[in-house]
Amino acid sequence: MAARKGQLTETTPLLPTHSKHRGKRVFAAVAAVLAAGSLFSYLLLAYCNYSIADTSSKRLSSAAVGRYLHITDLHVDPNYMEGATTYSQCHRRPPHVLPPDYDSAKDGHAHTGRFGIPLAKCDSPIALINATSEHLKHEWAHKLDFVIWTGDSGRHDGDPEQPRTFDQIIQGNDIASAALRSAFKKIPVVPNIGNNDVSPHNELAAPGHKRARKTFRALERSWRPLVPKDQVPTFHYGGYFAKDVVDYDGRKGGITALSLNTIYWYRANAKVGGCRAKDSPGLAQLAWIRYQMRRARMRNRDIILLGHVLPNRDNYRPSCYHGYARTVTQTVPPPALNSSDSSEELVNVHAQLFGHSNVDVWAFVGQEAKWINSHDALLIATENVTDKRLWWEREVDEESGRFGKLIRDVWSTDVTMHAAINQPDERAWEDMEDDPQVHFTESADHIVPVVNATVKQSLPSDFVESLLKEFERVLVQNPPNPRLGVTTISPSIIPKYVPSFRIFHYLRSQPAQGERWWHLPVGTLLDYDVYWANIHKLNTKAQIDVRSFFTRLYRFSDEYKIDDLSINSYLKWAERLLSSKALRKRFRSLTYLGTQ
């Protein structure tokens, strides 16, 4: 029986599954597949009895509400093989050599279907990427204002028999970029660099180093034309850039997205240090953020920050974490002013969006008082005691010194970058885990987490417990933290747990006085929906309607009875969460998309 439009069949042509297919053959295959059709929609529904309420749909249908997609961690693997063992990272079918003590009966090779396998260490097959692209094209392209894509499109390097190469990382970005550009031809897409988009993963030398230049230029070509032309020199320099994504309805201004290179702040990157040294690439990026925030004030625009690795004390070097928290949660004077008068308005950072951990969660970001008032080695106080800016903040505001030169030569120009800074000899690489460890078992029909194992488990709930402790620390702080923001981690396409993405709803225009949300500033986040794909079920179907490949798991406001996603609403909700055992249990379950 012939497949109808919007359906995928077992014979639908897919991209080549071996790394030898590259260059023009890869791009031709991408185009052919994306034109064919697609699939998607997962989770172990036998274990998750969620009913999705739709009580808030009407309240988000207002013309004042805009929407955008956050998609992350595609981890494209052209070498994925249906029917392969998970031990081989889904690269080889049995029989193949296994360790003597390995229980092949529990390997789960019978479950590695077309669209991947949940709760395993395999990456995303091409079929899953095609299905995602087609679903987004048919269901969301006409409903969204823009798309945020927070990196990690290259596959993991976990198979010693097929070590990952730099060319394969770029190939993964080629495929992911083609898939998203095919789905969203008329709206802005903002890409981002992840720790698996560099080689070796986590390792990225300072700007000017030949490997850094090679990486940034190759990614920019792979994503082209998603990085604006006037931002190409900045991206070639440091791997970050700015992009206007939407103009507000009925008023001047809009939203500018800042795509950050979080690898320069990441503890696992042994190629660079913290953010104290004057030539630190991490400090330079903080200065660039401040420069962009000042430009945003001048242009009456608000900010969305997007990056790969979530900012917290575990992920970032301490000086970089506190520098980030200070930079995005403080008063920034407009370019016309050289004063840091505290009466100046704070630039509106309406969202901080990250990926990397594959979970569905949010967290606070902020500084302790001792960091807010500290002026040590790098954070040198000015002789003017009324000026609370740090030395590098003054350089940005006054366009003087090292950062003034970067503004003139790189950040504010559209010509080819010149005057690169070289990095000393390379240092040893420090390996770290990307995300919490999951222990699971498999049977003929199901894949479930191990909960009664005889060996000691390090369950993902430990990750949630650390978040709850952080919430408690924020709420009991006395005096209250004067600088506080909210960061969100969106779940991933790679089926670490289950393929998922988020749709955010935000205030695009000002409602009339007395209407819902009229008291909130334009740009404020209002709500988000989480969508998932039940690949466990989809893998058994010969034909799939791509329009229903992803279905909605829950809406944040319905699930947690919250009015909007402002900082005050988050604080109130965190207080409720800490006081309710049932709510904490639900929060933990949804963090892992119902798999725990």
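Residues numbered from 1 in each chain as written. Predicted model: local features only at pLDDT ≥ 70, side-chain atom pairs only at ≥ 80, totals over all residues. Heavy atoms only, no water.

S.K.: Any details on the overall build of the protein? Residues and values, ideally.
M.R.: Per the secondary structure count, the protein includes 15 helices and 16 strands. Scored against the burial criterion, the 596 residues of the protein give a buried share of 61%. Put simply, of all contacts in the protein between residues at least 6 apart along the chain, 77% involve residues at least 24 apart. Accessible surface computed for the protein: about 24400 Å², of which carbon and sulfur atoms make up 51%. (Helix = DSSP H or I, 4+ residues; strand = E, 2+ residues; numbered from the N terminus. Buried < 20%, exposed > 50% of the residue type's maximum accessible area, 1.4 Å probe, protein only. Contact = heavy atoms within 4.5 Å. Areas by Shrake-Rupley, 256 points an atom, 1.4 Å probe, with all protein chains shown as cover.)

S.K.: Any details on the packing of helix α6 (residues 281-298) against helix α9 (residues 391-398)? Residues and values, ideally.
M.R.: The interhelical angle for the contact between α6 and α9, taken along N-to-C directions, is 45 degrees, at an axis separation of 10 Å. When the axis of α6 is compared with that of α9, the two are oblique. Considering only the axes of α6 and α9, their crossing is right-handed. Residues Leu283, Leu286, Ala287, Arg290, Tyr291 and Arg294 of α6 form the contact with α9, whose participating residues are Trp391, Trp392, Glu393, Val396 and Asp397. Its residues assigned to classes, the contact of α6 with α9 comprises 7 nonpolar, no polar and 4 charged. (Axes fitted to C-alpha atoms, helices over the stretch in contact; angles between N-to-C directions. Parallel < 35°, antiparallel > 145°, perpendicular 65-115°, else oblique. Left-handed = near helix turned anticlockwise from the far one by under 90°. Nonpolar A, V, L, I, M, F, W, Y, C, P; charged D, E, K, R; others polar.)

S.K.: I'd like to hear about the pairing of strand β2 (residues 65-71), residue by residue, with values.
M.R.: Summarising burial for β2: 6 of the 7 residues are buried, a large majority. Pairing geometry for β2 and strand β13 (residues 500-507), over 6 bridges, is antiparallel. Counterpart to valine 65 in the pairing with β13 is leucine 507. (Pairing = 2+ DSSP bridges.)

S.K.: I'd like a rundown of the sheet that holds strand β16 (residues 551-555), residues and numbers included.
M.R.: Reading across the sheet, the 6 strands line up as β4-β3-β2-β13-β14-β16 and stay open at both edges, with mixed pairing between neighbours. The outermost strands of the open sheet, each flanked by one partner alone, are β4 (189-190) and β16. Bridging between strand β14 (residues 525-532) and β16 involves 4 bridges; their strand directions are antiparallel. Along β16, the bridge assignment pairs aspartate 529 with arginine 555.

S.K.: I'd love a proper account of the nonpolar core, names of residues and values included.
M.R.: Residues Tyr68, Phe184, Trp362, Phe403, Trp411 and Phe587 are the most contacted members of the largest nonpolar core, which totals 142 residues. For this core, the element with the highest residue contribution is α6, accounting for 9 residues. Here tryptophan 362 is in contact with Leu467, Phe471, Val486, Thr487, Thr488, Phe556, Tyr570, Trp573, Ala574 and Phe587, once residues within four sequence places are set aside. (Core = buried A, V, L, I, M, F, W, Y, C linked by side-chain atoms within 4.5 Å.)

S.K.: Explain the pattern of salt bridges residue by residue, including any values.
M.R.: Summed over all chains, the structure comprises 24 salt bridges. Put simply, aspartate 360 and arginine 502 hold a salt bridge, and the shortest N to O gap is 2.5 Å. With aspartate 360 in the loop between β8 (349-354) and β9 (361-366) and arginine 502 in strand β13, this pair connects stretches of sequence that are 142 residues apart. Here aspartate 360 and arginine 502 have matching classes, each one buried. Of the charged contacts in the structure, one is a salt bridge between arginine 555 and aspartate 529, with a shortest N-O distance of 2.5 Å. Of this pair, arginine 555 sits in strand β16 while aspartate 529 sits in strand β14, placing them 26 residues apart in sequence. Residue arginine 555 is classed as buried on the basis of its relative accessible area of 6%. (Salt bridge = Lys/Arg side-chain N within 4 Å of Asp/Glu carboxyl O.)

S.K.: Before we move on, could you go through the sheet that holds strand β6 (residues 254-259) and cite the residues and values that matter?
M.R.: On the basis of which strands lie adjacent, the open sheet formed by 6 strands has the order β5-β6-β7-β8-β12-β9 and mixed pairing. Strands at the two margins of the open sheet, each flanked by one partner only, are β5 (241-247) and β9. The average undirected angle you get between the axes of adjacent strands in this sheet is 30 degrees. Relative to strand β12 (residues 484-489), β8 runs parallel, the two being bridged by 2 bridges. Across the sheet, residue phenylalanine 354 finds its bridge partner in β12, namely isoleucine 489. With respect to the sheet, helix α7 (residues 318-328) is in contact with β7 (301-306), β8 and β9, its orientation differing from that of β9 by roughly 85 degrees. Strands β9 and β12 of the sheet are contacted by helix α14 (residues 567-579), whose axis makes an angle of about 110 degrees with β9.

S.K.: A description of the state of the cysteines should follow, citing residues and the corresponding values.
M.R.: Each disulfide consists of one covalent bond between the sulfur atoms belonging to two cysteines. Within this structure, the stated rule accounts for 2 disulfides. One disulfide in the model links cysteine 90 with cysteine 122; its S-S distance is 2.0 Å. Handedness of the cysteine 90-cysteine 122 disulfide follows from its S-S torsion of about 80 degrees: it is right-handed. Of this pair, cysteine 90 sits in the loop between β2 and α2 (126-139) while cysteine 122 is found in the loop between β2 and α2, placing the two residues 32 residues apart along the sequence. The exposure classification of cysteine 90 matches that of cysteine 122, with both residues buried. Each sulfur of the disulfide joining cysteine 275 and cysteine 320 lies 2.1 Å from the other. (Disulfide = S-S within 2.5 Å.)

S.K.: Explain unusual backbone geometry residue by residue, including any values.
M.R.: Serine 199 connects to proline 200 through a cis peptide bond whose omega is -10 degrees. Each neighbour pair has its own omega, and for arginine 224 with proline 225 the value is 10 degrees, a cis peptide bond. Residue position: proline 225 is located in the loop between α4 (210-223) and α5 (232-238). One non-glycine residue, glutamine 89, adopts positive backbone phi at about 60 degrees.

S.K.: Which residues make up the pairing of β13, and what values do they have?
M.R.: A large share of β13 lies buried, amounting to 8 of its 8 residues. Here β13 shows no split at all, with Ser500, Arg502, Phe504 and Tyr506 on one side and Phe501, Ile503, His505 and Leu507 on the other all buried. Of the pairings in the sheet, the one linking β13 to β14 comprises 7 bridges and is antiparallel in character. Bridging from a neighbouring strand, histidine 505 pairs with aspartate 527 of β14.

S.K.: Can you break down the environment of leucine 467 residue by residue, with the values?
M.R.: Tracing the backbone through its elements, the reader meets leucine 467 in helix α11 (residues 461-476). Considered as a pair, leucine 467 and tryptophan 362 are 105 residues apart in the sequence and their alpha carbons are 8.6 Å apart. Among all residues touching leucine 467, those that are not within four sequence positions of it are Val361, Trp362 and Ala363.

S.K.: Describe the confidence of the model for the protein, naming the residues involved and giving the relevant values.
M.R.: Summing up the model confidence of the protein, the mean pLDDT is 79 and the portion of residues at 70 or higher is 72%. Counting contacts from residues 414-461, a segment whose pLDDT is below 50, to residues more than four positions away or on other chains yields 109 contacts. (pLDDT = per-residue confidence, 0-100.)

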